[in-house]
Amino acid sequence: MPASFRVRRLLTIALAALAVPAVVVAAVAATGSTGASKTTRAAPDLAAIGTFAVATTTLSVEVPGLAPGDNRLPTTVWYPLVKPASVRGRDSLGPSPLLVFSEGFGVPVSSYSALIEDWASAGFVVAGPTYPHTSPSTATTLDRGDLVHHPADLHAVIEAVLGESRTPGSVLYGRVEGSGIGLVGQSDGGDVSLAVADDSCCRYAGVSAVAILSGAEYAGFGGRYFAPGTPPGPPLLVVQGQEDTINPPVCSVELYDAAAPPKYYLDLLDGTHLGPYTEPTAARKVVAAVTTAFFEATLGAVRGPPEKKLEEKMAERGDVPGVAQLTTSQSAPPASGTCPTAP
């Protein structure tokens, strides 16, 4: 793999040192929270993301054919609860759409837990795998070259969670709706999610929607993105910060412009690479609201008739003066340069 592919978006040693270590929590109820803003700008006046209590469980997902140490993916699964328990003591609201979240390089999944809990509180089951050589909280060494294996890892996680939902006695039994799957990833995790949704190398047929948070096309996977003559990809939401110096905005612009509708571009006006997804800011509140509206509409998670059309709801949540701007145009707001990892 060319050296330029290996060096893009490597987080600094200082950032990796500040990352919150992963904490394994099994079946403990918790409510989603967006936290208090650390900025002087007031957070947008948005309704709470969801009303369900949230619990977690853990899985160890096996990926056949890999070396010991690389063939097991620790995976935390967040799922919504009905509280108090409904008739006959069941706490489940029935099968829920599945989101699989892929983390950025050098950042543990736990760093994104507040955003993930927002999605689960809105009625989604959310699986967050830790890929080998990706998280500083695991025994494997950090090695971005292992990224080429992660689309196959993501396939394995989808199948494992769906399998748990079909297994009597599993905590997840009956909780996951298998007909619609959403992918969401940040940074390198966005690259992986995009490949599994829209690259001929790695597509998973069951994906019904994908959200790319500061991600890009990645030539190292091979294949072809948005290839003519292939079935259209799923609805796409691209989120990008204008002040991101690790994933240049042009990477998000290029992939958005290449995709066919329906597609949406959320421009975070002063967003950095990681902050809008891990820190309690106005931008994260907007990201949580817009991604939730997107997945509710595309995966059918809304309980009862939606009161507004998707584009109207997303614009209402995504057009926040001084914070974010949503577009549904064929082209995203222009950005200079070229994406260093794109084919």
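These numbers were taken from a predicted model, which means no experiment stands behind them.

Student: How should I be thinking about the environment of Gly182 in this particular structure?
Tutor: Its place among the elements puts Gly182 in strand β5 (residues 176-186). Put simply, Gly182 and Pro97 are 85 residues apart on the chain and 7.6 Å apart in space, counted from C-alpha to C-alpha. Beyond its immediate stretch of four places on either side in the chain, Gly182 contacts Leu98, Leu99, Val100, Ala209, Phe295 and Leu299.

Student: In this structure, what is going on with the state of the cysteines? I would like to understand it.
Tutor: The bond known as a disulfide is covalent and runs between the sulfur atoms of two cysteines. Using the criterion set out here, one finds two disulfides in the structure. Between the sulfur atoms of Cys201 and its disulfide partner Cys202 the distance amounts to 2.0 Å. Judged by the torsion about the S-S bond (-95 degrees), the Cys201/Cys202 disulfide is left-handed. Taking relative accessible area as the criterion, Cys201 reaches 31% and is therefore assigned partly exposed. Note on cysteine connectivity: Cys251 is disulfide-linked to Cys339, with sulfurs 2.1 Å apart. Classification of the bridge connecting Cys251 and Cys339 rests on its S-S torsion, roughly 95 degrees, and on that basis the disulfide is right-handed. Taken as a pair, Cys251 in helix α6 (residues 249-258) and Cys339 in the segment after β9 (324-327) lie far apart in primary sequence, 88 residues in all. Just as Cys251 is buried, Cys339 falls in that class too. If the cysteines joined by disulfides in the chain are listed in sequence order, their pairing comes out as 1-2, 3-4.

Student: Whenever I open this one, the packing of aromatic side chains confuses me. Can you help?
Tutor: Two numbers describe a pair of aromatic rings. These are the distance of the centres and the angle of the planes. A full pass over the atoms with the stated rule returns eight aromatic pairs. Seen from their ring centres, Tyr218 and Phe221 are 4.9 Å apart, and the 65 degrees between their planes marks the pair as edge-to-face. Each member of the pair Tyr218 and Phe221 is classed as buried. Residues Tyr256 and Tyr265 carry aromatic rings whose centres are separated by 5.4 Å and whose planes lie at 75 degrees to one another, so their mutual orientation is edge-to-face.

About the cut-offs
Residues numbered from 1 in each chain as written. Predicted model: local features only at pLDDT ≥ 70, side-chain atom pairs only at ≥ 80, totals over all residues. Heavy atoms only, no water. Helix = DSSP H or I, 4+ residues; strand = E, 2+ residues; numbered from the N terminus. Contact = heavy atoms within 4.5 Å. Disulfide = S-S within 2.5 Å. Buried < 20%, exposed > 50% of the residue type's maximum accessible area, 1.4 Å probe, protein only. Phe/Tyr/Trp six-rings, centres within 6.5 Å; stacked < 30°, edge-to-face > 60°.

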